[in-house]
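# A closer look at the structure
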Amino acid sequence: MPERLLFYRSGNGSAATATMSANALHISVDHTPDTLPRDWQIMAGSPKDSTVMFYNRGSRSAEVGHLESQDFQAPGVSGVVYVTDKRFPSGSFSEWSHIMWRLDKKPLFYESLSGAGALGFDPPKKIYPPGSFSTGWTHVLFAWWTANDFFYNAGNGAAAVEFDPPQRVYPPGSFSGGWTSIAAGPQSNNQDTLLFYNANARSGALARLGFNGDVSTIRSWGRDSFSFWTHVVGTSTGWLFYDHDSGRAEVAALNNDNLVGTPVNLSPGFTHISRVGRP
């Protein structure tokens, strides 16, 4: 089934909703500038339902909303739109570098400089003081099939699976450093498939993440194997590759441990893209 995506431009507050399958992407509704507040720095979609959270680190403000299908005035015309549910004024949150929604409907907040964290909000279910997590994680993502949380440090190649307590800890050098995007895609062999991408080298790799936290590489691509992409977003049907400056985009399906790409049309300028909900 197609999956829902939300696109957002922080510079002017415009947005778009879309549905994506293994070989196609369809824009559902374009939201005009200032439909959303400007300058959100993080946009995080829930893998469980249609909830989306926006956050600004500088002001420590946030907004929570959801995607819903609406019928428009023309007969038989409908689309998926973004609806604001609650706004949190400046100072409502601590400073966070990452926000990751989980299947239990509770997002994980993480601060890479201090290793602090929090689970849930309004009110939080649990507060993790500085030092509770390793510092320096550059990527924090949720893998839908195994329901594992994956942490990665692009500077030293360290990684971890799950927290409180960790299920697996991979010391520095366990992974290649420098990956600029990591995205969980379709399940393969009853495991999550992780796509690693390096925008500087235009290289990549596919790996499987098991329920027990084991990560095994299944394919690698060397330098200049990919085009340049600013965003890589994973869904249960495949991955979306997108370049912010040109609007060039491609959806890629998983086929026999390889990627099969299909070009799609998108507008340039989107700063944030997130999968929202389950298919």
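Cut-offs applied
- Residues numbered from 1 in each chain as written.
- Predicted model: local features only at pLDDT ≥ 70, side-chain atom pairs only at ≥ 80, totals over all residues.
- Heavy atoms only, no water.
- Core = buried A, V, L, I, M, F, W, Y, C linked by side-chain atoms within 4.5 Å.
- Buried < 20%, exposed > 50% of the residue type's maximum accessible area, 1.4 Å probe, protein only.
- Helix = DSSP H or I, 4+ residues; strand = E, 2+ residues; numbered from the N terminus.
- Contact = heavy atoms within 4.5 Å.
- Pairing = 2+ DSSP bridges.
- Axes fitted to C-alpha atoms, helices over the stretch in contact; angles between N-to-C directions.

### Digging into the nonpolar core
Counting 17 residues, the largest nonpolar core has Phe-150, Tyr-152, Phe-175, Ile-182, Leu-194 and Phe-196 as the members making the most contacts within it. Sorting the residues of this core by element identifies strand S12 (139-143), strand S13 (148-152), strand S14 (159-161), strand S16 (181-188), strand S17 (191-198) and strand S18 (203-209) as the ones contributing at least two each. Considering each element in turn, this core owes the most residues, 3 residues, to S18. For Leu-194, the residues in contact, after removing those within four places along its chain, are Leu-141, Phe-150, Ala-183, Ala-184, Ala-205, Leu-206, Ala-207 and Leu-209.

### Looking at the sheet that holds strand S22 (residues 248-255)
Sheet strands pair via backbone hydrogen bonds, and the direction of the pair is either parallel or antiparallel. The 4 strands are arranged S20-S21-S22-S23 in an open sheet whose pairing can be described as antiparallel. Each edge of the sheet is formed by a strand with only one pairing partner; in this case those strands are strand S20 (231-234) and strand S23 (258-265). Pairwise comparison of adjacent strand axes, ignoring direction, gives a mean angle of 25 degrees for this sheet.

### Some words on the sheet that holds S17
The 4 strands are arranged S16-S17-S18-S19 in an open sheet whose pairing can be described as antiparallel. Looking at strand neighbours, the two that pair on one side only are S16 and strand S19 (215-221), the edges of this open sheet. Neighbour-to-neighbour, the strand axes of this sheet turn through a mean angle of 25 degrees, independent of strand direction.

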